[in-house]
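Per-entry structural report
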Amino acid sequence: MKCFEKMVKKLDVLDIGLIKWSVAAFVLFVITIWPAAMTWVHSVNPWYFLIASVVFAIRPCYKAYLK
């Protein structure tokens, strides 16, 4: 775990942003080439994705702004 923490401390804001963009691009790639994934994405209520994004953002926002 300490090795991972050392690696993360070397990253700056641009690196973190690029990691997020690469994950988003990979997800788009997967749902494009895998028809079952695309069908699942279209069948799920979009509000679930919004709720999930808010839930996933709570802890980082708390640590960044309130702690």
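The coordinates are above.
If you're wondering where the values come from, they're calculated on a predicted model, not measured in any experiment.

About the criteria used
Residues numbered from 1 in each chain as written. Predicted model: local features only at pLDDT ≥ 70, side-chain atom pairs only at ≥ 80, totals over all residues. Heavy atoms only, no water. Helix = DSSP H or I, 4+ residues; strand = E, 2+ residues; numbered from the N terminus. Rg over C-alpha atoms; globule rule 2.2 N^0.38 Å. Buried < 20%, exposed > 50% of the residue type's maximum accessible area, 1.4 Å probe, protein only. Areas by Shrake-Rupley, 256 points an atom, 1.4 Å probe, with all protein chains shown as cover. Phe/Tyr/Trp six-rings, centres within 6.5 Å; stacked < 30°, edge-to-face > 60°.

**A look at the overall build of the chain**
- Assigned secondary structure in the chain consists of four helices and zero strands.
- Ordered by position in the sequence, the α and β elements of the chain form the string α-α-α-α.
- Relative to a compact globule of 67 residues, whose C-alpha radius of gyration would be 11 Å, the chain shows 16 Å and is clearly more extended.
- Burial statistics for the chain: of 67 residues in total, 6% are counted as buried.
- Accessible surface, the chain: about 6500 Å² in total, of which carbon and sulfur atoms supply 75%.

**Describing the packing of aromatic side chains**
- This structure, assessed with the given rule, holds two aromatic pairs.
- Taken together, a centroid distance of 6.2 Å and an interplanar angle of 35° make the contact between F26 and F29 tilted. With F26 and F29 both in helix α2 (residues 13-33) and three residues apart, this pair spans about one turn of that helix.
- F29 sits in the partly exposed class, given a relative accessible area of 45%.

**Considering the environment of A36**
- Mapped onto the elements, A36 comes out in helix α3 (residues 35-43).
- A relative accessible area of 46% places A36 in the partly exposed class.
- On a C-alpha basis, the gap between A36 and L18 in space is 28 Å, while along the polypeptide they are 18 residues apart.

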